[in-house]
Each structure stands twice: as structure tokens, then as C-alpha cells.
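This is what each chain is made of:
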Amino acid sequence: MHRRTRFRVLVALTIAWAVWAGWSLITRATPYELHVIDDLGVPVAGVSVDISGRQAGTSGDDGRLSLEWSPSMKELTVSAPGHVPQVVTIMERPDRPVQVVIKARILRGQVVDDDGNPVPDVVISTAAAEGRTDSQGLFDIRGAEPGPVTVTRPAWIEKIFEWDGSPGDALIQIEPFTARAVHISGDAVATRFDSFIQMAMDTELNALMVDLKDEMGLVWYDTENPTAIAVGADHGAYDLAEVVRRAHAEGLYVIGRLVVFNDPIAAQGRPSMAVWDSDLQQPYSSNGQYFLDPTDPEARQYGLELAIEACSKGLDEVQFDYVRFPDERGESATFDEGVSPEVRSPTIVQFLSDAVAALHPMGCAVAADVFGFITTVSDDGKIGQTWEEIAAVVDVVSPMVYPSHYSTGWFNYDVPNDHPGPVVREALADGIERLPRNVVVRPWLQDFGYDANQVRAQILSAEEFGLGWMLWNAASNVTMEALRPE
């Protein structure tokens, strides 16, 4: 072959090799894009791609990630928490984004109580996702991760079970916490809390109810709330976090009682929050009671702020007392938004709904005290407490079914106070029959003016329905003989 021809051939071969080598290099180094979506077409964030046991990348919020092409790395394992892993084989370097679909794992089922009744508003949590039961106790959680599943609802006993990721409906049974508690006034917490701890150790009690703010408007715990300080309500007689710690150390459930709208200190210290007397041009009072105006935003906010602060100290439950309009009010009692039936009940329900929204994320149950007769009447008793509407919002509803508070004729008794057990039974039966959902009913029982047998008769009536209870004595002088020994 002619020398010049050989040279040209050599040059051509060199150029061809260089072109092939350059193209091969480009082919090897040029990245390509993976786009990962779930079975509903939603981008999946946090996807991990493994190639030959080596992690090659993680997707962003848009489900996209960039990978380098190599003929030796054709098999990709695509996985994400809460999804079924997918193995993808890519034979040639893609010239466009590769879409990969990974199927979300789904945990579904129903939560019921011991009687098979659906339990709403239960939070079902896995490592990757969580959901909440609907009014029928049903849940459907996409992106659930196999492993431990936590089932929680405030004022109910937490349950944990293992899920292997398999399909099928889970039936989960939970039960409410059945609290047996006594009222501990702010002064009693400060001066003799040890005796109540010991009482619980010696008897059937498994919970303690401490006063946070009482009917006088005094905030007994160590509050830093600016409104309480400004109006002089900050009594600061005890360290709430320490009280809770000591009770929890003995396995006791701790309830904080917060009197909301009956508040002489705040009503007189900040009249703009008070029910106003249009005749006397001063905060309205009746029988020595001064009420904050439930329709006043600042008054509602004061109660919520104290509840949030108290919950942050470790309480299990915040119980709102006097969460109502004043029951005795003359024509001169005026409210920011009026006091018509159209205003009363929605105002109270909205306050409790706001409390649930604020306290549930913090881990506190929300309870509301209601007048005993509310379990029987169909209206709001002219105070904004409608049984069905309150029970539809809170975790615990506590009717004050004190027999001494029922007048002649109630439940066909001339003197209801002479029939403690039957009166409590009748009142609770009325309320339970009208519950709009599965909610904890925990009555206040009368521990004043009665002997041990009469107190015990009320307890037995509550327990006939499988309910817990709380004993009320304003001075916290508990009738110990009415309690079963541990």
C-alpha cells in the first residue's frame, strides 16, 4: 500500500477511535434523570436508589434525582419509607427521564372499644405516616411503614401493635382510661399534697385533680402569664411541673382544673373582659360572682393561654370548669355579642374546639364540666351548655350530678338529695343515651353533706356504667371511708 494511503488510513482509524472513545466517555459520564411517583401519580420524596448495594442518590420533594449511566450498572433498586421497593432494569442509557412507579403501602382498619363501638379521632402512627379515624372509627393510611404502630387518643389508654405490612383490614380495640380521682384545691396542693399521694397509694384512686385557677380567679400554680400577673391573680403557691412529676412517679394520672369564666379578679382587674352591668356601669355581679364575658375574645384567650401553659408542665388533662354563661343574670348584664340562644352554645363550643386544637398537639386531653341537669334537658339550660354539642367536641365530659343540686320532682323524688345512688344513676343514664359519639363520661360526685355510704352509693352507680368518677369537696376533705382500699 502506498505510504500516503497507509497514512490516510491510519489517520482515519485514529479519528474513528477517538470519536468512539469520546462518545463512550460521554455515554459513561452523562447523567440521566429518574422521576419517581406513587401509584396515584404523586411525586415521592426521599426515594433511595441502590445500584449493586451502593446508594446512588436520593430524590428531592419533586421525586426527581440524577444518576450517572454505566452499562455495568443496569439494575436499580428504588425504595422509600412507606412504599413497596421496586427493581428497575435499564438496558441502554436513557435519552429522556425514566419514570418509576412505586406502590404506597396502605394500613387500613377500624378502631373500636370493648363493646365494639367505633372510636373516632384516634391517631394511628407508623414510622413513615399517620392518620386519624373518622366518625365510624375507620382509618386508611397511605405510606405506612411496617413495624410498631401506635394508637392514641387523649383520655384513652395507648396501644402499640406490630404490623408486617401485609394487606387486609386491622381491627384495633382500645379502652378509655377510667379515672378515679378527688379534687385537690390550690391551697391543699400547696400544703398537703403528700397526703393525697399517700391516699392514692392506699386506696383505689388512680388520678388526682388539682386546681389551676379557682372560682376566686386565683391562679395557684407558678404561672408566668402576663394577664394573670397584671390583674394580680398569680398566687404561685406551688410548682406545677414538680407536682406532676411526683404524681407521675407513682403512676397517677393528673388532671388540671381551670375555672374559665367565673373570675372576680380578672373581671374587676380588667373590666373590658367582664360581663358588663349597663345600669351600674361596672362589671356585673350576682350572688358575689363576677363573670368574664364568654363572647369577648380577650377573655377566651386568657383561659386558653393558661391552659396551654399548664399543659406544657406535663399535665395529662386540662378540665375546663365554669365554661358557660352566668346562670343568674338580670336585664342589665350585657355581653359583647349578646346572649341569645343563637350565641350561647356556639360560643362555648367554639372555645372548647379552640382548646382541643391547641392542647391535642401538646398531648393533653380536653375535658368540660357541665351542670348535672344538662344530661337530661334538650336545650342549653340558658348557659350555653348543650350536652350533645359539647360531647361532640371534647375528650371528657363531666356532669356535676350532685343530688343536692336537684330540686323537688327531679327523677320523681320529693327530695333528690335523699337518694344519692338512684339520682346519679338516672342522670347518667339520660346522658349516656344521648351521646353523639364515643366520648369519655366521667361524673363529678358529691362528697359533701353525705356519709361514707351515701358517697359510696354514687360511686357504685357510676361504675354500673363502667365509668370513672371524681369526688367533689370544695375544701378537699375527702371521705376516705367511701374509698376501697388498694
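J.: Would you take a moment to explain helix α2 (residues 186-202) for this structure?
T.: Because each turn of an α-helix spans 3.6 residues, side chains separated by three or four positions in sequence point in the same direction. For α2, with 17 residues, the first-to-last C-alpha span of 22 Å sits near the 24 Å given by 1.5 Å per residue. Helix geometry: α2 is bent most strongly at R192, by close to 90°. The set of residues buried in α2 consists of G186, A188, V189, F193, F196, I197, M199 and A200. On its buried side, α2 packs onto β15 (180-184), β16 (207-213), β17 (219-221), β18 (234-238) and α4 (240-249).

J.: I tried to follow the nonpolar core on my own but got confused; where do I start?
T.: Where a protein is soluble and globular, its nonpolar side chains tend to be buried together. Among the nonpolar cores identified, the biggest contains 130 residues, and Y302, F320 and L352 are the most heavily contacted of them. L34, V49, A80 and V98 belong to the second-largest nonpolar core, a separate cluster that totals 18 residues.

J.: Even after reading the chapter, I still don't get the sheet that holds strand β14 (residues 169-173), so can you show me in this structure?
T.: Strand pairing in a sheet is mediated by backbone hydrogen bonds. Such pairs are either parallel or antiparallel. Read from one edge to the other, the open sheet built from 3 strands follows the order β11-β8-β14, with strand pairing classed as mixed. Bordering the open sheet on either side are β11 (138-142) and β14, each of which pairs with just one other strand. Across the sheet, the mean angle from the axis of one strand to that of its neighbour is 25°, orientation sign disregarded. Pairing between strand β8 (residues 106-112) and β11: 5 bridges, direction antiparallel. The residue bridging R108 from the neighbouring strand is D140, located in β11.

J.: I'm lost on the sheet that holds strand β13 (residues 159-163) in this one. Help?
T.: If you trace the 4 strands from one edge of the open sheet to the other, you get β10-β9-β12-β13, paired in antiparallel fashion. A strand with exactly one partner marks an edge of an open sheet, and here the two such strands are β10 (130-132) and β13. Averaged over all adjacent pairs, the angle separating strand axes in this sheet is 20°, with direction ignored. In this sheet, β10 lies alongside strand β9 (residues 123-125) in antiparallel orientation, the contact comprising 3 bridges. If you follow V123 over to β10, its bridge partner there is R132.

J.: Is there a simple way to think about the confidence of the model for the protein chain in this case?
T.: Low pLDDT marks stretches whose predicted atomic positions should not be read closely. Per-chain confidence: the protein chain averages 93 in pLDDT, with 94% of residues scoring 70 or above. Scored below 50 in pLDDT, residues 9-28 makes 4 contacts in the model with residues more than four places away or belonging to other chains.

J.: What's the story with the pattern of salt bridges in this structure? I'm lost.
T.: Note on pairing: side chains with opposite charge can pair once their charged atoms come close. Evaluated as defined, the whole model comprises 22 salt bridges. Residue E33 pairs with R64 through a salt bridge whose shortest N-O separation is 2.8 Å. One end of the pair, E33, is in strand β1 (residues 31-38); the other, R64, is in strand β4 (residues 64-68), with 31 residues separating them in the sequence. For the salt bridge of D222 with K313, the shortest nitrogen-to-oxygen distance reads 3.9 Å. Separated by 91 residues along the polypeptide, D222 in the loop between β17 and α3 (226-231) and K313 in the loop between α6 (297-311) and β24 (317-321) bring together distant segments of the chain. Connected through salt bridges with shared partners, the residues E204, R456, E463 and R484 form a single ionic network.

J.: What is the right way to look at the environment of T375 in this model?
T.: Topologically, T375 is positioned in the loop between β26 (365-371) and α8 (387-391). Spatially, the C-alpha atom of T375 lies 8.0 Å from that of R434, the residues being 59 residues apart in sequence.

J.: Is there a simple way to explain the side chain of E204 in this structure?
T.: In this fold, E204 is placed in the loop between α2 and β16. Engagement of the side chain of E204 in a polar contact is seen with the side chain of R456, the distance being 2.7 Å. Discounting chain neighbours no more than four positions away, the residues touching E204 are R180, R456, E463, W469, A482, L483, R484, P485 and E486.

J.: Before we go on, may I ask you to explain the packing of aromatic side chains in this structure?
T.: According to the stated counting rule, one finds 12 aromatic pairs in the structure shown. Judged by centre distance (5.4 Å) and plane angle (55°), the rings of Y406 and F411 are tilted. Classification of Y406 by relative accessible area gives buried; the value is 8%. Note on F411: relative accessible area 15%, which makes it buried. Connected via pairs of aromatic rings, a cluster forms that spans F261, F320 and F351.

J.: Before we go on, may I ask you to explain the packing of α2 against α4 in this structure?
T.: In a packed pair of helices, the relevant descriptors are the angle between the two axes and the axis-to-axis distance. One can describe the packing of α2 onto α4 by two numbers: an axis separation of 11 Å at closest approach and a directional angle of 5°. With respect to α4, the element α2 is oriented roughly parallel. From α2, V189, F193, D194 and I197 reach across to α4, where they touch V243, R246 and A247. Residue composition of the contact of α2 with α4, by class: 5 nonpolar, no polar and 2 charged.

J.: Hey, could you run me through the side chain of R324 in this one?
T.: Following the sequence through the fold, R324 ends up in the loop between β24 and β25 (333-334). The buried category is assigned to R324, whose relative accessible area is 4%. Only 3.3 Å separates the side chain of R324 from the side chain of D327, close enough to count as a polar contact. Apart from the residues lying within four places of it in its own chain, the contact partners of R324 are F261, F291, P294, I348, F371, I383 and Q385.

J.: Teacher, can you tell me more about unusual backbone geometry here?
T.: Despite not being glycine, S52 shows a phi value in the positive range, around 55°. Structurally, S52 is set in the loop between β2 (48-51) and β3 (54-58). Unlike most non-glycine residues, Y322 shows phi in positive territory, near 50°. Given a relative accessible area of 17%, Y322 falls into the buried group.

J.: Looking at this model, I keep getting lost on the packing of helix α9 (residues 420-433) against helix α10 (residues 452-464). Mind explaining?
T.: Packing of α9 against α10 leaves a shortest axis separation of 7 Å and a crossing angle of 25°. Between α9 and α10, the angle falls in the class roughly parallel. The handedness of the crossing between α9 and α10 is right-handed. Of the residues in α10, those touching α9 at P420, G421, P422, V424, R425 and L428 are Q454, A457, Q458, S461, A462 and E464. Among the residues making up the contact of α9 with α10, the classes are represented as 6 nonpolar, 4 polar and 2 charged.

Rules used throughout
- Residues numbered from 1 in each chain as written.
- Predicted model: local features only at pLDDT ≥ 70, side-chain atom pairs only at ≥ 80, totals over all residues.
- Heavy atoms only, no water.
- Helix = DSSP H or I, 4+ residues; strand = E, 2+ residues; numbered from the N terminus.
- Expected span 1.5 Å × (residues − 1).
- Bend = angle between axes of the 7 residues up to and from the residue.
- Buried < 20%, exposed > 50% of the residue type's maximum accessible area, 1.4 Å probe, protein only.
- Contact = heavy atoms within 4.5 Å.
- Core = buried A, V, L, I, M, F, W, Y, C linked by side-chain atoms within 4.5 Å.
- Pairing = 2+ DSSP bridges.
- Axes fitted to C-alpha atoms, helices over the stretch in contact; angles between N-to-C directions.
- pLDDT = per-residue confidence, 0-100.
- Salt bridge = Lys/Arg side-chain N within 4 Å of Asp/Glu carboxyl O.
- Polar contact = N/O pair within 3.5 Å; in protein donor to acceptor, adjacent residues only side chain to side chain.
- Phe/Tyr/Trp six-rings, centres within 6.5 Å; stacked < 30°, edge-to-face > 60°.
- Parallel < 35°, antiparallel > 145°, perpendicular 65-115°, else oblique.
- Nonpolar A, V, L, I, M, F, W, Y, C, P; charged D, E, K, R; others polar.
- Left-handed = near helix turned anticlockwise from the far one by under 90°.

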